[in-house]
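The residues making up each chain are set out below.
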Amino acid sequence: MFPAAVAAAVLALAGAGACGAQDAAPRPVHTGTVDGKPSPQPPADAPLTATAWTVTTLTGGAAASPLPADAAGKARFTLAPDGAVSGGLGCNGFTAKATVEGASLTFGPLATTRMACPGPAGEVERALTTLFGSGPLGWKVEGRTLTLTGGAGADGRGLTAEAASAAE
């Protein structure tokens with residue numbers, strides 16, 4: 001006869017098949033429930049590069065301000081994996097080179113179109129031009145939100161941007 005341990009293992013395996021076990025694949029682990037159902041996993045962080053970022057908020061010191069209506073959706077940028085940056089400042093388009101070193105992002109000189117930008121769109125453009133040119137910026141992505149914070153040369157300025165879509 002079989003030793004007791006082998007017999008128990010054979011019976012356990014036979015019982016698992018008889019109970020309708022579908023496979024031995026691991027199941028996702030959920031951290032809680034919502035309305036009695038497993039809660040969804042938090043979304044993965046959008047990558048810093050190859051994501052189209054749309055600026056939603058500018059910060060100055062401790063204050064944060066949403067973009068004015070006539071500039072909303074126009075201040076955006078994409079950082080390519082090779083460091084090329086392109087986008088819009090709220091009125092004019094721009095390109096630049098950027099360097100990512102750990103949690104630091106540094107923009108090189110901006111090349112921009114030269115349209116006159118009066119009013120709030122022009123103010124957003126000046127704020128972004130100053131921020132991008134202020135030296136190394138701290139960056140953090142949480143979910144689909146990017147936060148850039150200025151260093152010493154930025155006087156507490158920064159921005160928040162939302163991932164619009166994956167860049168092609």
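These notes cover the structure that comes with them. (Residues numbered from 1 in each chain as written. Predicted model: local features only at pLDDT ≥ 70, side-chain atom pairs only at ≥ 80, totals over all residues. Heavy atoms only, no water.)

### Overview of the pairing of strand 6 (residues 84-89)
For strand 5 (residues 75-79) and strand 6, the ladder comprises five bridges, and the chain directions are antiparallel. Within the sheet, the bridge partner assigned to leucine 79 lies in strand 6 and is valine 85. Where strand 5 folds back onto strand 6 in an antiparallel hairpin, the turn is made up of four residues, including glycine 83, whose phi is positive at roughly 95 degrees. The sheet contact formed by strand 6 and strand 7 (residues 93-101) spans five bridges and is antiparallel. Residue pairing in the sheet places glycine 88 in a bridge with glycine 93 of strand 7. Counting the residues in the hairpin turn of strand 6 and strand 7 gives three residues, including glycine 90, whose phi is positive at 120 degrees. (Pairing = 2+ DSSP bridges. Helix = DSSP H or I, 4+ residues; strand = E, 2+ residues; numbered from the N terminus.)

### Regarding the side chain of serine 134
Mapped onto the elements, serine 134 comes out in the loop between helix 2 (119-132) and strand 10 (137-142). Among the polar contacts listed, one links the side chain of serine 134 to the backbone oxygen of leucine 131, at a separation of 2.7 Å. (Polar contact = N/O pair within 3.5 Å; in protein donor to acceptor, adjacent residues only side chain to side chain.)

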